[in-house]
Amino acid sequence: MSNTPYAVQWQQAQLHLLDQRKLPQEKVMLVYNQAAEVAQAIKDMVVRGAPAIGIAAAYGVVLAAKNAYQIHADNWRDAIQNDLQQLAQARPTAVNLVWALQRMQTHFAKISGDPVPILLQEAQKIQQEDISANYTMGQLGSNLLSNNCRVLTHCNAGALATGGYGTALGVIRYAWAAGKIMQVYADETRPWLQGSRLTAWELLEDNIPVTLIVEGAAATLMRQQRVDWVIVGADRITANGDVANKIGTYSLAVLARQHGVKMMVVAPISTIDMQLADGNQIIIEERDPQEIITVAGKTIAPQNVNAWNPAFDVTPAALIEAIVTEKGVVMQPTIEKMQTLLSST
Ligand code: MRU
């Protein structure tokens, strides 16, 4: 269980999103009735985290179909094409977004009459499956940890980033409840501060003690032998086991290898993209430089400075000890092992 509210909620025929830009100071739920507004909310980081944006997009399809059916009952499928495109293009790196949209579209052909009941059922199923995948991964990941384990996590791969419970934080929650965790460190995760604003908040709400560090402290922490595992989520995992995740994950993986620390990636099957051979093919989102020129709305760098703001990086499979999915664990991933995992699903 987790005390964090669901980031994505369907209530009274509307989509409710917890505004993650405002956490932890304010808990504001925003309400959506239009798919285009949901696409904008994904772009603007109201909702973020690979599985959560997929789930929000699935509910976005429900809203699109609902609105289109009221005006064009006979050709609602054509009428929502623009909405589908906007949702798909909201953010490029996490494959869960297009995965969820494709899954919703597989139902289109068999629908006759009002599309909402079937599509809503499917969106809710996507969310429920994600939550139960997280519990399974929590247990599988926890099994890899030894007692008195010290872990470091990056960004936020918690309840807020998923249907509920979390991927990397799911493992940490599960292992904490099992009495296996001695120490949790969270990287603050510039520039959006998902580590300090979201991960630290989630853990403290669950009474799990956490120590916040700046990314630059990770090397010293590892050199002082104070971490056993780095545990992170993923936005896209390619056929060979390369992993795209929040910018800074690759640096942690390199540091971990240097210091004999193990690297665990926790992600549902919906994050695996077997269409891409390796991480070089992943489109890495580059966001507005203003995000790093400012902090919490306040300008901190010369306004005219050049800034480069990639939101994700790619960690090569060779640096990863374990990829944990709800269908099983892949140790030291290779293309063959990833194929075996996928063929068993
Ligand atoms: O830019 P964000 O906040 O959407 O980035 C999120 C991450 O990188 C997470 O680690 C990843 O999506 C996994 S969430 C379970």
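Bear in mind that the values here come from a model prediction, so they are computed numbers and not experimental data.

Turning to the overall build of the chain, a few remarks are in order. What the chain contains, in helices and strands, is twelve helices and 16 strands. The globule rule puts the C-alpha radius of gyration for 345 residues at 20 Å, and the 20 Å found for the chain is close to it. Along the longest, intermediate and shortest principal axes, the C-alpha atoms of the chain span 65 × 50 × 40 Å. Buried residues in the chain amount to 56% of all 345 residues. For the chain, the proportion of contacts with a sequence separation of at least 24, taken over those separated by at least 6, is 75%. Total accessible area on the chain stands at roughly 14,400 Å², and carbon and sulfur atoms take up 50% of it.

Let's shift gears to the site of the ligand. Residues in contact with the ligand amount to 19 residues; listed here are only the nearest, Arg-48, Arg-91, Gln-194, Asn-245 and Lys-246. In this structure, Ala-50 approaches the ligand through a main-chain N or O atom, which is 2.9 Å from an oxygen atom. Taking Lys-246, its side chain carries an N or O atom lying 2.7 Å from an oxygen atom of the ligand. When the free accessible area of the ligand is taken as 420 Å², the share hidden by the protein chains comes to 99%. Where the shell around the ligand is concerned, the elements lending two or more residues are α2 (50-71) and β9 (243-246). Counted by class, the shell around the ligand contains eight nonpolar, seven polar and four charged residues. Looking at the shell around the ligand, you find at least three residues from each of domain 1 (8-132) and domain 2 (140-343).

Okay, the pairing of strand β16 (residues 328-331) next. Burial of β16 is one-sided: the residues Gly-328 and Val-330 facing one way are buried, the residues Val-329 and Met-331 facing the other way are not. Sheet topology places strand β15 (residues 322-325) next to β16; four bridges connect them, and they run antiparallel. Its bridge partner being in β16, Val-324 is matched across the sheet by Val-329. Between the end of β15 and the start of β16, which pair antiparallel, lie two residues.

With antiparallel pairing, three strands are arranged side by side in an open sheet as β1-β2-β3. With partners counted over all chains shown, the strands left at the sheet margins are β1 (8-11) and β3 (29-32), one partner each. For this sheet, the mean angle separating the axes of adjacent strands, direction not counted, is 30°. Pairing of β1 with strand β2 (residues 14-18) involves four bridges; the strand directions are antiparallel. When the sheet's bridge partners are listed, Val-8 is paired in β2 with Leu-17.

By the definition in use, this model includes three aromatic pairs. Aromatic side chains Trp-10 and Tyr-59 sit 5.5 Å apart centroid to centroid with 15° between the ring planes, which places their arrangement in the stacked category. Here Trp-10, found in strand β1, pairs with Tyr-59, found in helix α2; they are 49 residues apart in sequence, far enough to count as distant. Judged by relative accessible area, which is 15%, Trp-10 ranks as buried. Here Tyr-59 falls in the buried class, since its relative accessible area comes to 2%. The lysine or arginine in question, Arg-173, covers the ring of Tyr-165, its NZ or CZ lying 6.0 Å from the ring centre. The ring of Phe-312 has Lys-246 sitting right over it, with the charged end atom 4.4 Å from the ring centre.

If you check the domain split of the chain, you get domain 1 (8-132) and domain 2 (140-343). Between the C-alpha centres of domain 1 and domain 2 the distance comes to 25 Å. In this assembly, domain 1 packs against domain 2 so that about 2,300 Å² is buried in total across both faces, 56% of it on carbon and sulfur atoms. Counting the surface domain 1 buries against domain 2, the share from its top three residues, Arg-48, Thr-93 and Val-95, is 26%. Inspection of the region where domain 1 meets domain 2 yields one salt bridge.

Parameters at a glance
Residues numbered from 1 in each chain as written. Predicted model: local features only at pLDDT ≥ 70, side-chain atom pairs only at ≥ 80, totals over all residues. Heavy atoms only, no water. Helix = DSSP H or I, 4+ residues; strand = E, 2+ residues; numbered from the N terminus. Rg over C-alpha atoms; globule rule 2.2 N^0.38 Å. Buried < 20%, exposed > 50% of the residue type's maximum accessible area, 1.4 Å probe, protein only. Contact = heavy atoms within 4.5 Å. Areas by Shrake-Rupley, 256 points an atom, 1.4 Å probe, with all protein chains shown as cover. Near = heavy atom within 4 Å. Polar contact = N/O pair within 3.5 Å; in protein donor to acceptor, adjacent residues only side chain to side chain. Nonpolar A, V, L, I, M, F, W, Y, C, P; charged D, E, K, R; others polar. Domains from an automatic or database assignment. Pairing = 2+ DSSP bridges. Axes fitted to C-alpha atoms, helices over the stretch in contact; angles between N-to-C directions. Phe/Tyr/Trp six-rings, centres within 6.5 Å; stacked < 30°, edge-to-face > 60°. Lys NZ or Arg CZ within 6 Å of the ring centre and 35° of its normal. Buried area = accessible area lost by both parts, 1.4 Å probe. Salt bridge = Lys/Arg side-chain N within 4 Å of Asp/Glu carboxyl O.

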